[in-house]
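Here's the letter readout for the chains.
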There are 2 protein chains.
Amino acid sequence: MPKGSASTIVDIARELGVAPSTVSRALKDHPFISQDTKDKVKKVAARLGYRRNTLAAGLRNSHSNIIGLIVPRISMYFQSAVITAIQNTIHSMGFELIVCQSNDSYKQETELVNVLYGSRVEGLIVSCTMYTTDFSHFKIFTDNQIPLVFYDRVPRNFPAHIIRGDDFEGGYMGGKHLLERGCKDIAFINGVLSCNLYQDRLEGLKSALKKAKVPLKKSRFFSHELTVANAEATCKKMFSRKPFPDGVFCANDTTAIVTLQYAKKAGIKVPQELKILGYSNDPRTEIISPALSSIEQFPAEMGEKTAKAMLDLIHTRNYPKKPVESVTPAKLIVRETT
Amino acid sequence: MPKGSASTIVDIARELGVAPSTVSRALKDHPFISQDTKDKVKKVAARLGYRRNTLAAGLRNSHSNIIGLIVPRISMYFQSAVITAIQNTIHSMGFELIVCQSNDSYKQETELVNVLYGSRVEGLIVSCTMYTTDFSHFKIFTDNQIPLVFYDRVPRNFPAHIIRGDDFEGGYMGGKHLLERGCKDIAFINGVLSCNLYQDRLEGLKSALKKAKVPLKKSRFFSHELTVANAEATCKKMFSRKPFPDGVFCANDTTAIVTLQYAKKAGIKVPQELKILGYSNDPRTEIISPALSSIEQFPAEMGEKTAKAMLDLIHTRNYPKKPVESVTPAKLIVRETT
DNA sequence: TACCTTTATGCAAACGTTTTCTTTCAAAAG
DNA sequence: CTTTTGAAAGAAAACGTTTGCATAAAGGTA
């Protein structure tokens, strides 16, 4: 057992009195190496505790077997569910995943793109910052023909594979559902409008309201980062004086949960006086009482699609000149708050 | 803008008529290079879109600037919270984190250890599989003097840094609390006993019960993977005939939530007839009604400690001969179920 | 002028693997 | 008995960066 120094192909070669090239070939079952030699090489390799240096191999072949992932935050339910699926799919194909968080900072995102490029990742998977509207920092990947796949928070009109949810439809279904439940005065608590998700959800909702000829009043529309603190502030404002809205559509579940808790505390009956609808179908929605209606986004499917798009791109090298979009449908999950 | 081929240090050198070594030094502000040359080099580097090939640099310096992380599952609340902290701390020191999931499979864990070793990661951070009792696959890291840090699910008696929660104390506090609330017949739904966490929580609980001279009856003790399905089966068994226990301590929150929901459905009044206590202080515990009492584990602190231990090890190269343990205290969070 | 520093740069080897191009050797074909 | 063929293995270059050592020019001192 070699302590302190890793053994290399050369060590094995020396020990057996063969050339390093022979060892290299033997280890990967090259057809022109005799079974006898292969056996000997493998035996010695095992004895010396040989492990292939992927760095050296990567340098030689100019690839790393590592796929980079940039994500705003790991700990959001939707994201961690997607990452799990991506990781498992990708790993089963012999790739590793290097996971980085942009923490929703545009600056960090651009830095990460450069760092991962420098690491010569085989491909890059990204869910953008909610503030990313300029996507030129990703050009270095397309310019150098390195596979690039976006999911969830994605650019419009960037020549890459785009795996996204049907946020327009989600917004539309949500609006339609609240209307069908009798809401006449709907409030919408949305994320920041620099992000495609929230643009689409808003457009979807507007479309549903327009069809029913119900307006979305300015005083009923809120747009900000969907944190607990912001949601609380918005609730305070929204319920500061009557009339209260009779339906609140929240663009994420955290906000919906805060709203529901606020309503309970304020003695507003849910769903009788107020209907609340969330987005993402976070596990918490099932558990809170009354259980929150929400929009399911199928993170596992999205993750798998994303990973498959990446692996496909790596194998076919079929780089798109235009955006190639794949839309995962959204699904309304009706529970007790509507 | 170079399309299809990345520019190297040699390209820059050729363009300026200097040696590659000069370029290399200029790019990292080596003191023996004149300001004039540095400026010129940096200008050309910027123009050519040069990005340092970390693979090549890593090969030369035999390090990769990448830290490996093996975790059973990304999507568990506690884990994703720890990972977030690790990732942010580590990244601020110029390292990247490569995140892998063992999916609680021992075989996958050993494979991942070898793959990450092959990638010449700078260090390895691990939270083990719940079934890992043989830790010899990690020896390759200690043998080759590569920093190794375990957290949460950790080995006993392995010469490495160990960052763990105070699970004995958690179990003890939980037991004491239920006793203080008047429970006489306490059930314990535990994880599998191959894992240090669950061993310690059990010992802690036993210790509290012993002090109060209350026995932990065999029929009140359950040990299995703490999934929703298993928890439901256990509830079914536990509440199949009277007398029911008057307190249930669950070694994770998912199980506590299932138990609470089962009790509600069965018309058992919580906390009057049955007190329920979870473990980990998952966000869901605050939201469910009645709100679940639980044991906080401070994942962010643990993550930061873990990352710092790793960075410290990388800098000082102070490899432990014996386990170096750091214990993060647990804290009882009393809510409505007890 | 000869010698020594100091400062700035170049040269070349090294990291470990892969792969192209040769070479060797034995057996089959002529 | 020579030539051809084919299998098996070796030699060497290459990937891009870093670094110890050598060198060169400029300036200072004796």
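Residues numbered from 1 in each chain as written. Chains lettered and ligands numbered in written order. Predicted model: local features only at pLDDT ≥ 70, side-chain atom pairs only at ≥ 80, totals over all residues. Heavy atoms only, no water.

## Description of the relation of the copies chain B and chain A
Reasoning step 1: The two copies are related by a screw motion: chain B maps onto chain A through a turn of 180° and a shift of 0.0 Å along the axis, at an RMSD of 0.1 Å. Here the symmetry operator amounts to a two-fold rotation axis. Nearest to the rotation axis, the C-alpha of B:Ile98 is located 2.0 Å from it, this being the minimum over chain B.
Reasoning step 2: Interface overlap between copies is the fraction of interface residues in one copy that are interface residues in the other; for chain B against chain A it reaches 100%, indicating a shared surface. (Least-squares fit on C-alpha atoms with pLDDT ≥ 70 in both. Contact = heavy atoms within 4.5 Å.)

## A look at the sheet that holds strand β6 (residues 186–190) of chain B
All names here are of chain B.
Reasoning step 1: The four strands lie next to each other as β7-β6-β8-β9, forming an open sheet whose pairing is parallel. Of all the strands in the sheet, just β7 (221–223) and β9 (275–277) have a single pairing partner and so form its edges. The sheet shows a mean angle of 10° between the axes of neighbouring strands, direction not considered.
Reasoning step 2: Of the strands in this sheet, β6, β7 and β8 (247–250) touch helix α9 (residues 196–211), which is tilted by about 170° from β6. (Pairing = 2+ DSSP bridges. Helix = DSSP H or I, 4+ residues; strand = E, 2+ residues; numbered from the N terminus. Axes fitted to C-alpha atoms, helices over the stretch in contact; angles between N-to-C directions.)

## Some details on the sheet that holds strand β6 (residues 186–190) of chain A
All names here are of chain A.
Reasoning step 1: Strand order in this open sheet of four strands is β7-β6-β8-β9, and the pairing throughout is parallel. Since the sheet does not close on itself, it has two edges, and those belong to β7 (221–223) and β9 (275–277), each with one partner. Direction aside, neighbouring strands of the sheet carry axes that sit 10° apart on average.
Reasoning step 2: Bridging between β6 and strand β8 (residues 247–250) involves four bridges; their strand directions are parallel. By the bridge assignment for β8, Ala187 is matched with Val248.

## Thoughts on the protein's contact with DNA strand D
Reasoning step 1: Around DNA strand D lies a shell of 27 residues, among which A:Thr22, A:Thr37, B:Ile9, B:Tyr50 and B:Arg60 are the nearest.
Reasoning step 2: Near the protein, within 4 Å, the atoms of DNA strand D are sugar or phosphate in 64% of cases.
Reasoning step 3: At 3.4 Å from a base nitrogen of DNA strand D is found a side-chain nitrogen or oxygen belonging to A:Ser21.
Reasoning step 4: A distance of 3.4 Å separates a sugar or linking oxygen of DNA strand D from a polar side-chain atom of B:Asn61.
Reasoning step 5: Those elements that place two or more of their residues in the surface near DNA strand D are α2 (20–27) and α4 (54–61) of chain A together with α1 (9–16), α2 (20–27) and α4 (54–61) of chain B.
Reasoning step 6: Ranked by the residues each element gives to the surface near DNA strand D, the list is headed by α4(B), at four residues. (Near = heavy atom within 4 Å. Polar contact = N/O pair within 3.5 Å; in protein donor to acceptor, adjacent residues only side chain to side chain.)

## Description of the pairing of strand β4 (residues 148–151) of chain A
All names here are of chain A.
Reasoning step 1: The two faces of β4 match: Leu148 and Phe150 on one face and Val149 and Tyr151 on the other face are all buried.
Reasoning step 2: Here three bridges tie strand β3 (residues 123–126) to β4, and the two strands are oriented parallel to one another. For Ile125, the partnering residue across the bridge sits in β4 and is Val149.
Reasoning step 3: Where β4 meets strand β5 (residues 161–165), three bridges bridge the pair, whose relative direction is parallel. Residue pairing for β5: Phe150 is matched across the bridge by Ile162. (Buried < 20%, exposed > 50% of the residue type's maximum accessible area, 1.4 Å probe, protein only.)

## Points about the domain arrangement of chain A
Residue and element names in this part refer to chain A.
Reasoning step 1: Per the domain assignment, the segments making up chain A are domain 1 (9–52), domain 2 (61–164 + 299–327) and domain 3 (167–296).
Reasoning step 2: Computed over C-alpha atoms only, the centres of domain 2 and domain 3 are separated by 30 Å.
Reasoning step 3: Both faces considered, domain 2 and domain 3 share a buried interface measuring about 1,100 Å² in area, 48% of it formed by carbon and sulfur atoms.
Reasoning step 4: Interface area lost by domain 2 to domain 3 is led by Tyr77, Met130 and Arg156, which between them contribute 46%.
Reasoning step 5: In this structure, the connection of domain 2 to domain 3 is made through two salt bridges.
Reasoning step 6: A salt bridge links Arg164 to Asp200; the nearest nitrogen and oxygen atoms lie 4.0 Å apart.
Reasoning step 7: Taken together, the connections running from domain 2 to domain 3 amount to six residue pairs in polar contact (both at pLDDT 80 or more).
Reasoning step 8: Residue composition of the side of domain 2 that touches domain 3, grouped by class: five nonpolar, two polar and four charged. (Domains from an automatic or database assignment. Buried area = accessible area lost by both parts, 1.4 Å probe. Salt bridge = Lys/Arg side-chain N within 4 Å of Asp/Glu carboxyl O. Nonpolar A, V, L, I, M, F, W, Y, C, P; charged D, E, K, R; others polar.)

## Topic: the protein's contact with DNA strand C
Reasoning step 1: Lining the immediate environment of DNA strand C, one finds 27 residues, of which A:Ile9, A:Lys28, A:Tyr50, A:Arg60 and B:Thr22 sit closest.
Reasoning step 2: Close to the protein, within 4 Å, the atoms of DNA strand C belong to sugar or phosphate groups at a rate of 61%.
Reasoning step 3: Residue A:Arg25 places a side-chain N or O atom 3.2 Å away from a base oxygen belonging to DNA strand C.
Reasoning step 4: A distance of 3.0 Å is found between a base nitrogen of DNA strand C and a side-chain nitrogen or oxygen belonging to B:Ser21.
Reasoning step 5: Of all the secondary-structure elements, those providing two or more residues to the surface near DNA strand C are α1 (9–16), α2 and α4 of chain A together with α2 and α4 of chain B.
Reasoning step 6: When residues of the surface near DNA strand C are assigned to their parent elements, the largest contribution, four residues, is made by α4(A).
Reasoning step 7: Looking at the surface near DNA strand C residue by residue, the class counts come to 11 nonpolar, 10 polar and six charged.

## What about the side chain of A:Thr255?
Residues and elements named next belong to chain A.
Reasoning step 1: Tracing the backbone through its elements, the reader meets Thr255 in helix α11 (residues 253–265).
Reasoning step 2: Residue Thr255 is classed as buried on the basis of its relative accessible area of 0%.
Reasoning step 3: Polar side-chain contacts of Thr255 include one of 2.7 Å to the side chain of Asn252.
Reasoning step 4: Not counting residues up to four positions away in its chain, the partners in contact with Thr255 are Ile189, Leu226, Ala231 and Cys250.

## Regarding the pattern of salt bridges
Reasoning step 1: Evaluation of the coordinates by the stated rule reveals 32 salt bridges over all chains.
Reasoning step 2: Where salt bridges share partners, they join A:Arg156, A:Arg164, A:Asp200 and A:Glu325 into one cluster.

## Description of helix α6 (residues 106–118) of chain A
Residues and elements named next belong to chain A.
Reasoning step 1: An ideal rise of 1.5 Å per residue puts 18 Å on 13 residues; α6 measures up with 19 Å between its terminal C-alpha atoms.
Reasoning step 2: The set of residues buried in α6 consists of Glu109, Thr110, Leu112, Val113, Leu116, Tyr117 and Gly118.
Reasoning step 3: The positive-phi residue at the C-terminal boundary of α6 is Arg120, with phi of around 55°. (Expected span 1.5 Å × (residues − 1).)

## Comments concerning the pairing of strand β1 (residues 66–71) of chain B
Residues and elements named next belong to chain B.
Reasoning step 1: Burial of β1 is extensive: six of the six residues sit out of reach of the surface.
Reasoning step 2: The side-chain alternation of β1 yields two buried faces, one formed by Ile66, Gly68 and Ile70 and the other by Ile67, Leu69 and Val71.
Reasoning step 3: Inspection of the sheet shows β1 paired to strand β2 (residues 96–101) by six bridges, in the parallel sense. Following the sheet pairing, Ile66 is matched in β2 by Glu96.

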